[in-house]
Amino acid sequence: MGLSNVKDLLGHELEPYSMEVEKGKIKELAIAIVDDNPIFYSLESAKDADYDGIPVPLTFFANHWRLWLSRENGGLLAKW
């Protein structure tokens, strides 16, 4: 699949799921993307902001989406 076919992905729905991400990796990602929001570094700050735990930066999902498509849809994006 080339980039010219990316519009074929619009409207695709995923089943809800959850996954655990080790908090040290969340901190590493926040540092890498230069996001100093304390919710990514401190459980107390995250809970003060009404999270159950330390959330992941939204940037995490850009890569996770690609991995999901590759795995679940028979390599739909594997050729990119």
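Owing to the predicted nature of the structure, the values given are computational and were not obtained by experimental measurement.

K.L.:
Just checking my understanding: could you explain the overall build of the protein chain for this structure?
P.N.:
In terms of helices and strands, the protein chain carries three helices and zero strands. Counted from the first residue to the last, the protein chain has its helices and strands arranged as α-α-α. Each of the 80 residues in the protein chain was classed as buried or not, and the buried ones make up 18%. Across the protein chain, the fraction of contacts at a sequence separation of at least 24, relative to all contacts at a separation of at least 6, is 46%. A total of about 6,300 Å² of accessible surface is found on the protein chain, and carbon and sulfur atoms cover 54% of it.

K.L.:
What is the right way to look at the pattern of salt bridges in this model?
P.N.:
Any two side chains of opposite charge can pair, given that their charged atoms come close. Scanning the model with the defined rule gives one salt bridge in all. A salt bridge links Lys 25 to Glu 28; the nearest nitrogen and oxygen atoms lie 3.2 Å apart. A residue pair is termed a helical-turn pair when its members lie 3 or 4 positions apart in one helix, as Lys 25 and Glu 28 do in helix α1 (residues 23-32) at three residues.

K.L.:
Explain the environment of Asp 35 here, please?
P.N.:
The topology assignment puts Asp 35 in the loop between α1 and α2 (43-48). Relative accessible area serves as the criterion here: at 25%, Asp 35 is assigned to the partly exposed category. With 22 residues separating them in the primary sequence, Asp 35 and Pro 57 have C-alpha atoms 8.4 Å apart. For Asp 35, the contacting residues outside a window of four places in its chain are Ala 30, Phe 40 and Tyr 41.

So, how was this worked out
Residues numbered from 1 in each chain as written. Predicted model: local features only at pLDDT ≥ 70, side-chain atom pairs only at ≥ 80, totals over all residues. Heavy atoms only, no water. Helix = DSSP H or I, 4+ residues; strand = E, 2+ residues; numbered from the N terminus. Buried < 20%, exposed > 50% of the residue type's maximum accessible area, 1.4 Å probe, protein only. Contact = heavy atoms within 4.5 Å. Areas by Shrake-Rupley, 256 points an atom, 1.4 Å probe, with all protein chains shown as cover. Salt bridge = Lys/Arg side-chain N within 4 Å of Asp/Glu carboxyl O.

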